[in-house]
Amino acid sequence: MKIWVYTISYRESYFMPFFLRHYSTFADKIIVFDEGSDDGTREAVQACKRAELRDWPGVGLDDEAFRHAQSNWYHEAEGKADWVMWP
């Protein structure tokens, strides 16, 4: 069974290592959308071999952008992952 995890982050340098360590125990791929963090968050994601860093196209807590992402971006996992998570 393959599991992909999607998440959005901004300035999560303290929390990100714990997040990545937890989800790396069972997820095959962790896609982190980051809104331009400048505190080491991006470097933590890049250091994780199961994680992929992408730029978040929204600005701030934009519910509409999140709904669009949640409704559309998981399609890239079709045929590649059995489960998709958005924690």
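Look up: the structure comes first, before these words.
Presented here is an overview of the structure given in this document. (Residues numbered from 1 in each chain as written. Predicted model: local features only at pLDDT ≥ 70, side-chain atom pairs only at ≥ 80, totals over all residues. Heavy atoms only, no water.)

1. Structural notes on the pattern of salt bridges
Reasoning step 1: Applying the stated criterion across every chain, the model contains 6 salt bridges.
Reasoning step 2: With a closest N to O distance of 3.3 Å, Asp38 and Arg11 form a salt bridge. Separated by 27 residues along the polypeptide, Asp38 in the loop between strand 2 (29-34) and helix 2 (41-47) and Arg11 in the loop between strand 1 (3-9) and helix 1 (16-24) bring together distant segments of the chain.
Reasoning step 3: By relative accessible area, which is 62% here, Asp38 ends up exposed.
Reasoning step 4: Arg54 is the partner of Glu76 in a salt bridge, and the nearest nitrogen-oxygen pair spans 2.8 Å. Taken together, the positions of Glu76 in the loop between helix 3 (63-72) and strand 4 (83-85) and Arg54 in strand 3 (residues 51-55) put the pair 22 residues apart, joining distant regions of the chain. (Salt bridge = Lys/Arg side-chain N within 4 Å of Asp/Glu carboxyl O. Helix = DSSP H or I, 4+ residues; strand = E, 2+ residues; numbered from the N terminus. Buried < 20%, exposed > 50% of the residue type's maximum accessible area, 1.4 Å probe, protein only.)

2. Looking at the packing of aromatic side chains
Reasoning step 1: A complete count under the given rule lists 8 aromatic pairs for this structure.
Reasoning step 2: Both rings, one in Phe15 and one in Phe19, keep their centres 6.2 Å apart while their planes meet at 50 degrees; by these two values the pair is tilted.
Reasoning step 3: When its relative accessible area of 44% is taken as the criterion, Phe15 is described as partly exposed.
Reasoning step 4: For Phe19, a relative accessible area of 9% translates into the label buried.
Reasoning step 5: Aromatic side chains Tyr23 and Phe26 sit 5.5 Å apart centroid to centroid with 65 degrees between the ring planes, which places their arrangement in the edge-to-face category.
Reasoning step 6: You can call Phe26 partly exposed: its relative accessible area is 33%.
Reasoning step 7: Chaining the aromatic ring pairs together yields one cluster made of Tyr6, Phe33, Trp56 and Trp86. (Phe/Tyr/Trp six-rings, centres within 6.5 Å; stacked < 30°, edge-to-face > 60°.)

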